Amino acid sequence: QVQLVESGGGLVQPGGSLRLSCATSGFTFSRYVMNWYRQAPGKERELVAVMSNAGRSTNYDASVKGRFTMSRDSAKNTVYLQMNSLKPEDTAVYYCNARATPAWGTLPTYWGQGTQVTVSS
């Protein structure tokens, strides 16, 4: 059974930090690009960060670049999103996503259930 379980969300003041985790199981972690998405109320889901299956390259949306850092622990099949200097506009439900690399493109895409991040004073 495939599972992607996010944790680490919560309420934080502007300028604060949170670290999100996404623990995965049930699929071959090394065959998947891992992504973090977020969806704010009334807005479309947007891609925040992408990490290659080997963890060698990472890309960020311009709105979070320099503040968010994505990392990957292949031994634990877990990805993280360190979020610093948080702003009210970062408020959203954050989702973990696993998408197969092109070499494994026929494999399914998986989503976590999401974790709420609220940045407010």
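The notes below deal with the structure included here. Per chain, the residues get numbers from 1 upward, laid out in the order the sequence is written. The predicted origin of the model limits local features to residues at a pLDDT of at least 70 and limits the giving and counting of side-chain atom pairs to 80 or more, whereas totals for whole chains, interfaces and linings rest on all residues. Hydrogens are left out, water is left out, and the side-chain values use all remaining heavy atoms of the structure.

With that settled, consider the packing of aromatic side chains. Aromatic rings from Phe, Tyr and Trp, taking only the six-membered ring of Trp, are treated as a pair when their centres fall within 6.5 Å; an angle between ring planes under 30 degrees marks them as stacked, one over 60 as edge-to-face, and anything in between as tilted. A complete count under the given rule lists five aromatic pairs for this structure. Relative to tyrosine 32, the ring of phenylalanine 27 has its centre 4.8 Å away and its plane inclined at 65°; by these criteria the two rings are edge-to-face. Any residue under 20% of the maximum accessible area for its type is buried, any over 50% is exposed, and the rest in between are partly exposed; the area is computed with a 1.4 Å probe on protein chains only. Looking at phenylalanine 27, the relative accessible area reads 12%, which means it is buried. Classification of tyrosine 32 as buried rests on a relative accessible area of 2%. Any Lys NZ or Arg CZ found within 6 Å of a ring centre and within 35 degrees of that ring's normal is scored as a charge over the ring. Cation over ring: arginine 31 sits above tryptophan 104, and NZ or CZ is 3.8 Å from the ring centre. Between the NZ or CZ atom of arginine 45 and the centre of the ring of tryptophan 111, over which it lies, the distance is 4.6 Å.

This brings us to the pairing of strand E11 (residues 115-119). Put simply, DSSP marks the helices as runs of H or I at least four residues long and the strands as runs of E at least two long, and each gets a number from the N terminus on. Taking every second residue as pointing to the same face, the buried face of E11 carries Thr115, Val117 and Val119, while none of Gln116 and Thr118 on the other face is buried. Bridge count between strand E2 (residues 10-12) and E11: three bridges; the pairing is parallel. Note that in E11 the partner of leucine 11 across the bridge is threonine 118. Taken together, the three bridges between strand E9 (residues 92-100) and E11 define a ladder with antiparallel strand orientation. Bridge pairing links alanine 92 to valine 117 in E11. Pairing between two strands is assigned when DSSP locates at least 2 bridges connecting them.

Turning our attention to the nonpolar core. By size, the foremost hydrophobic cluster in this structure holds 29 residues, and its most contacted members are Met34, Trp36, Leu81, Met83 and Tyr94. Taken together, the elements giving at least two residues each to this core come down to strand E3 (18-25), strand E4 (32-39), strand E5 (46-51), strand E7 (68-73), strand E8 (78-83), E9 and E11. When residues of this core are assigned to their parent elements, the largest contribution, five residues, is made by E9. We call two residues in contact whenever any of their non-hydrogen atoms come within 4.5 Å of each other. Contacts of methionine 34, omitting those with residues within four sequence positions, involve Leu4, Thr24, Phe29, Ala49, Val50, Met51, Met70, Arg72, Val79, Cys96, Asn97 and Ala98. Among buried residues, the Ala, Val, Leu, Ile, Met, Phe, Trp, Tyr and Cys ones that are joined through side-chain atoms within 4.5 Å form a nonpolar core.

The working definition used for a salt bridge is a side-chain nitrogen of Lys or Arg within 4 Å of a carboxyl oxygen of Asp or Glu. Overall, the coordinates contain three salt bridges when judged by the stated rule. Here arginine 38 ties to glutamate 46 by a salt bridge, and the two come within 2.6 Å at their closest N and O atoms. Under the relative-accessibility criterion, arginine 38 is labelled buried at 5%. Three or more residues are tied together by salt bridges with common partners; here these are Arg38, Glu46, Arg67 and Asp90.

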